[in-house]
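Summary of structural features
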Amino acid sequence: MDVLDLARWQFGITTVYHFLMVPLTIGLSLLVAGMQTAWLRTGERKYLAMTKFWGKLLLINFAMGVVTGIVQEFQFGMAWSAYSRFVGDVFGAPLAMEGLVAFFVESTFLGLWIFGWDRLPKKVHLACAWAFSLATMISAYFILAANSWMQHPVGVVMDDGRPRLTSIWAVLGNSTVLAAFPHTIFGAFAVAASFLVGIAAWHLWRRTEEGPVWRASVKLGTWVGVVAFAGLAVSGDVQGKLMFEQQPMKMAAAEALCHTEQPASFSVFAVGDVARQDCESVKSITVPALLSFLAHNDFSTEVKGIEDLVPEYQEKYGTNYPVDERLGELSGKPIDYVPSLPVTYWGFRLMIGFGGIAVASGLAILWLTRGGRVPRGTWFKWLALGSIATPFLGNSFGWIFTEMGRQPFVVVPNPSGVDGVWMFTARAVSNSTVGEVLTSLVALTLVYGVLACVEVFLVRRYVRAGVAGVLPDKEPDDVGKSDDHLQFAY
């Protein structure tokens, strides 16, 4: 393997691992704020118990997310310095906003929420929870704005071979981020919803105490999951139409569409070697004309296939990489404009499939636990625990598809934008040795493996402890009285 392959593996491993924490933090923070609001309004102990139990798990996940996220910043300079020099003038603004505005606000109000249970008035303390949860979403918006610029560069001019920012509002109002943000947020709520349903159903199966807490958690998680899945479908449809306009090769790769079709059918499932660009050995189960509708809201739109798109890309961006020793094995070689078809085709379907399984599992658990029922078979335990993983997997496959589908570009050219604002992934890597990148890859993977063990240990410990691990037996006499005896066990 060369430096480029190792650098991509390193960034892929650390980013996918980090993104396991991000959606859970975003979704769970808002749900915990809602639980605390319900407690303040009703005074019911079950809402206080829910706030403190799920809040404890939120904090563990947030801490791990911060630790793993820091590495992402360093990798821009360590493994992708050429890329950083190219996009630095654009990325500086949204990343600074994320760090100086959103993350500082997020961290400040989270600290006030952790240590303010017995020190702040109830409404002020609740406001801290809402401020923290909203700041997590604002933070996500700035990060997505930077990522969306890579997918669809806007608001820049070329100056001395580099894009120079001319309008931060164009970057923040990019059509790509306006579609990606709600899709990501709905995905976060889907993750948090399944987390609630799975853990709460497991506690019901064990017949532990605090039954009302777990039943309320199952109900909340299920309906949040249903709404989130509906939101994912709508926002995903918007993203598909933008993909058709902005990244036609990604659209073709998502379908393993070798030949142009009008109207174009949607492939539900394929049998054969989808890696072959001639599709000679592929047999698909298709829905006629559905891909045309997903692309352009009608059933007759032409969708270009890989065989027609490749010559267009070659004409616009060249047929061969430049002769440059920094490109390693790719120096002077033909440019492959087709992403990995097995990754894009199956990644797209696994994203949708795991999302559907998640909402189906939640509805099944809600039905099986209706009216005080709890199935006693071990299959119910595994259904509950298995359902937790499904939206995590869906999110991961979705991001893998998004990032792998734009290859060989790290900055994808905007079909209607400024000429020259694009960059091949092969030219973005640092001038490092194989040994240097391999060492950091192994080291970071081992560190992340240790952190994964730590998180699993902590989450498992507090999940098994249940409400008793975060809330004393004594109940508050009245919602308006002092809560000094109801502090978190921080």
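The rules behind the values
- Residues numbered from 1 in each chain as written.
- Predicted model: local features only at pLDDT ≥ 70, side-chain atom pairs only at ≥ 80, totals over all residues.
- Heavy atoms only, no water.
- Helix = DSSP H or I, 4+ residues; strand = E, 2+ residues; numbered from the N terminus.
- Rg over C-alpha atoms; globule rule 2.2 N^0.38 Å.
- Buried < 20%, exposed > 50% of the residue type's maximum accessible area, 1.4 Å probe, protein only.
- Contact = heavy atoms within 4.5 Å.
- Lys, Arg positive; Asp, Glu negative; His and termini not counted.
- Charge placed at Lys NZ, Arg CZ, Asp CG, Glu CD.
- Patch = residues over 30% accessible without salt bridge, like charges linked within 9 Å, V, L, I, M, F, W, Y side chains within 5 Å.
- Areas by Shrake-Rupley, 256 points an atom, 1.4 Å probe, with all protein chains shown as cover.
- Salt bridge = Lys/Arg side-chain N within 4 Å of Asp/Glu carboxyl O.
- Phe/Tyr/Trp six-rings, centres within 6.5 Å; stacked < 30°, edge-to-face > 60°.
- Polar contact = N/O pair within 3.5 Å; in protein donor to acceptor, adjacent residues only side chain to side chain.
- Pairing = 2+ DSSP bridges.
- Axes fitted to C-alpha atoms, helices over the stretch in contact; angles between N-to-C directions.
- Parallel < 35°, antiparallel > 145°, perpendicular 65-115°, else oblique.
- Nonpolar A, V, L, I, M, F, W, Y, C, P; charged D, E, K, R; others polar.

Quick word on the overall build of the protein
Along the backbone of the protein there are 13 helices and six strands. What you see for the protein is a C-alpha radius of gyration of 24 Å, in line with the 23 Å of a compact globule of 490 residues. Across the 490 residues that make up the protein, the buried fraction comes to 51%. Here the analysis covers contacts within the protein between residues at least 6 apart in sequence; of these, 77% occur between residues at least 24 apart. The averaged location of the 39 negative side-chain charges in the protein is 13 Å from the averaged location of its 36 positive side-chain charges.

Re a nonpolar patch on the surface
A contiguous nonpolar patch, built from Val-268, Phe-269, Val-271, Ile-285 and Val-287 and spanning about 430 Å² of accessible area, is present on the exposed surface. Mapped onto the nonpolar patch, the elements with two or more residues apiece are β3 (266-271) and β4 (283-287). It is β3 that contributes the most residues to the nonpolar patch, three residues altogether.

Considerations on the packing of aromatic side chains
Enumeration according to the criterion identifies 30 aromatic pairs in this entry. Centre to centre, the rings of Tyr-337 and Phe-409 are 6.1 Å apart; their planes meet at 35 degrees, and the pair counts as tilted. Taken as a pair, Tyr-337 in the loop between α10 (306-317) and α11 (341-368) and Phe-409 in strand β5 (residues 409-411) lie far apart in primary sequence, 72 residues in all. For the pair Tyr-337 and Phe-409, a shared accessibility class is recorded, and that class is buried.

Observations concerning the environment of Glu-312
Structurally, the position occupied by Glu-312 is in helix α10. Of the polar contacts made by the side chain of Glu-312, one reaches the side chain of Lys-304; its length is 2.6 Å.

Focus on the pairing of strand β2 (residues 162-165)
Both strand β1 (residues 156-159) and β2 contribute to a ladder of four bridges, which runs antiparallel. Paired with Val-156 across the two strands is Leu-165, which belongs to β2. Following β1, the chain reverses through two residues before pairing antiparallel with β2; Asp-160 in that reversal takes a positive phi of roughly 60 degrees.

Here's the deal with the packing of helix α1 (residues 3-42) against helix α6 (residues 175-206)
Two numbers describe how α1 lies on α6: the axes approach to 7 Å, and their chain directions differ by 75 degrees. Classified by the angle their axes make, α1 and α6 are roughly perpendicular. Between α1 and α6, the residues in contact are Phe-19, Pro-23, Leu-24, Ile-26, Gly-27, Leu-28, Leu-30, Leu-31 and Met-35 and Thr-184, Ile-185, Ala-188, Phe-189, Val-191, Ala-192, Phe-195 and Leu-196, respectively. Class assignment for the residues of the contact of α1 with α6 results in 15 nonpolar, two polar and no charged.

Looking at the pattern of salt bridges
Taken as a whole, this structure holds eight salt bridges when the rule is applied. In this structure, Lys-46 engages Glu-44 in a salt bridge whose closest nitrogen and oxygen atoms are separated by 4.0 Å.

Describing the environment of Leu-196
Tracing the backbone through its elements, the reader meets Leu-196 in helix α6. The exposure class of Leu-196 is buried, given its relative accessible area of 0%. The sequence separation of Leu-196 and Gly-88 amounts to 108 residues, and the corresponding C-alpha distance is 40 Å. Sequence-distant contacts of Leu-196, that is, excluding residues within four places in its chain, are made with Leu-28, Leu-31, Met-35, Trp-54, Ser-217, Leu-220 and Gly-221.

A closer look at the packing of helix α2 (residues 45-78) against helix α13 (residues 434-465)
Taken N-terminus to C-terminus, the directions of α2 and α13 make an angle of 175 degrees; their axes are 10 Å apart at the nearest point. The angle between α2 and α13 places the two elements in the roughly antiparallel class. On the side of α2, the interface is formed by Phe-53, Lys-56, Leu-57, Ile-60, Asn-61, Met-64, Val-67, Thr-68, Val-71, Gln-72 and Met-78, while α13 contributes Ser-440, Leu-444, Tyr-448, Leu-451, Val-454, Glu-455, Leu-458, Val-459, Tyr-462 and Val-463. The class makeup of the residues in the contact of α2 with α13 is 15 nonpolar, four polar and two charged.

Considering the side chain of Thr-184
Mapped onto the elements of the fold, Thr-184 is located in helix α6. At a separation of 2.8 Å, a polar atom in the side chain of Thr-184 contacts the main-chain carbonyl oxygen of Ala-180.

Here we look at unusual backbone geometry
Cis geometry marks the peptide bond from Gln-262 to Pro-263, where omega comes out at -5 degrees. For Pro-263, the position within the fold is in the loop between α8 (248-255) and β3. Its identity is not glycine, yet Ala-256 carries a phi of approximately 50 degrees, on the positive side. Its place among the elements puts Ala-256 in the loop between α8 and β3. A positive phi angle, near 65 degrees, is found at Asn-297, a position not held by glycine. The topology assignment puts Asn-297 in the loop between α9 (290-296) and α10.

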